[in-house]
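# Overview (structure and organization)
Each chain, letter by letter, is given below.
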Amino acid sequence: MKGMIHHIEIYVSNLETSTAFWGWLLEELGYNVFQEWENGQSWKIEDTYIVFVQVEDRFLDVAYHRCRVGLNHLAFHATSREQVDELTQKLRQKEIRILYEDKHPFAGGKDYYAVYFEDPDRIKVEVVAP
């Protein structure tokens with residue numbers, strides 16, 4: 001367990017929108033609801049959990065952008081290429097834009113099978129096959 005991520009906490013602009021997006025995705029990836037309270041919710045897999053918290057109104061004036069200092073993206077393991085394909089179909093059904101569509105699923109290179117997309121606050125998300 002030494003060195004494993006314990007948890008990640010992400011502040012979001014709209015908790016309801018973000019938990020709908022992330023809840024579906026994380027549960028597809030094997031996470032389970034872990035904690036729920038008025039201003040946040042988390043999902044857990046094994047010993048790691050991801051927390052989403054409603055940002056205070058006074059901090060809503062500057063939107064997130066992955067090219068600024070801070071987090072660029074979150075990448076998750078898929079179990080297979082088939083799981084990446086299934087997630088891609090579900091993302092399209094939910095009208096979530098696939099990034100790098102012209103290179104999908106090899107946007108990361110010829111030996112890198114993944115889907116890239118953004119959450120409601122435009123945090124880039126990647127799901128990559130083994």
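Quick look at the structure, then.

Bringing the sheet that holds strand β5 (residues 73–77) into the picture now. Across the sheet, three strands lie side by side as β5-β7-β6; this open sheet has mixed pairing. In this open sheet, the two edge strands, each paired with only one partner strand, are β5 and β6 (114–118). Pairwise comparison of adjacent strand axes, ignoring direction, gives a mean angle of 20° for this sheet. Sheet topology note: the β5/strand β7 (residues 124–128) ladder contains five bridges and is parallel. Looking at the pairing, Phe 76 lines up with Val 127 of β7.

Within the structure shown, the criterion is met by nine aromatic pairs. On the basis of an interplanar angle of 50° and a centroid distance of 5.0 Å, the ring pair of Phe 34 and Tyr 49 is categorised as tilted. Within this pair, whereas Phe 34 is found in strand β2 (residues 32–37), its partner Tyr 49 is found in strand β4 (residues 48–54), the two being separated by 15 residues in sequence. We classify Phe 34 as partly exposed; its relative accessible area is 36%.

Here we have four strands laid out as an open sheet, ordered β1-β4-β3-β2, and mixed in their pairing. Looking at which strands have only one partner, the edges of the open sheet turn out to be β1 (7–12) and β2. Neighbouring strand axes in the sheet, compared pairwise and without regard to direction, differ in orientation by 20° on average.

Taken as a whole, the largest pocket holds about 520 Å³ of empty space. The wall of the largest pocket is formed by 18 residues, among which Tyr 31, Ile 45, Thr 48, Phe 76 and His 77 lie closest to the centre. Elements that contribute at least two residues to the lining of the largest pocket include exactly β4 and β5. The dominant element in the lining of the largest pocket, judged by the number of residues it contributes, is β5, at four residues.

The next subject is the pairing of strand β3 (residues 40–45). Taken together, the five bridges between β2 and β3 define a ladder with antiparallel strand orientation. Within β3, the position partnered with Val 33 by the bridge is Trp 43. Connecting β2 to the antiparallel partner β3 that follows it, the hairpin turn spans two residues. Here β3 pairs with β4 via six bridges, running antiparallel. Bridge pairing in β4 places Lys 44 opposite Tyr 49. Between β3 and β4, which pair antiparallel in sequence order, lie two residues; one of them, Glu 46, sits at a positive phi of approximately 50°.

Helical geometry: 3.6 residues make up each α-helical turn, so side chains three or four residues apart lie on a common side. The first and last C-alpha atoms of helix α1 (residues 15–28) sit 19 Å apart over 14 residues, in line with the 20 Å expected at 1.5 Å per residue. Every buried residue of α1 is accounted for by Leu 15, Ser 18, Thr 19, Phe 21, Trp 22, Gly 23, Trp 24, Leu 25 and Leu 26. Just downstream of α1 lies Gly 30, where phi reads positive at about 105°.

Procedures and definitions
Going along each chain's sequence as written, the residues are numbered from 1 onward. pLDDT decides what is reported in this predicted model: residues at 70 or higher carry local features, side-chain atom pairs at 80 or more are listed and counted, and totals for whole chains, interfaces and linings draw on all residues regardless. Side-chain numbers come from the whole structure's heavy atoms, not from hydrogens or water. By definition, two strands form a pair when at least two bridges between them are found by DSSP. Helix and strand definitions here come from DSSP, where helices need a minimum of 4 consecutive H or I residues and strands a minimum of 2 consecutive E residues; each element is numbered from the N-terminal end. Axis geometry follows a simple rule: fit a line to the C-alpha atoms, using only the stretch in contact for helices, then measure angles between N-to-C directions, giving values from 0 to 180 degrees. Two rings belonging to Phe, Tyr or Trp (six-membered ring only in the last case) form a pair when the distance between their centres is within 6.5 Å. Interplanar angles under 30 degrees mark stacking, angles over 60 mark edge-to-face geometry, and anything in between is tilted. Working definition: with a 1.4 Å probe on protein chains only, accessible area under 20% of the residue-type maximum means buried, over 50% means exposed, and in between means partly exposed. A 1.4 Å probe that fits into a set of points on a 1 Å grid over the protein atoms alone but cannot get out defines a cavity; an open set with protein on both sides within 12 Å along at least five of seven lines defines a pocket, and lining residues are those with an atom within 4 Å of a point. Grid points are joined across faces, edges and corners, and a volume is the space filled by probe spheres set on the points. The span you would expect from a helix comes to 1.5 Å times its residue count less one.

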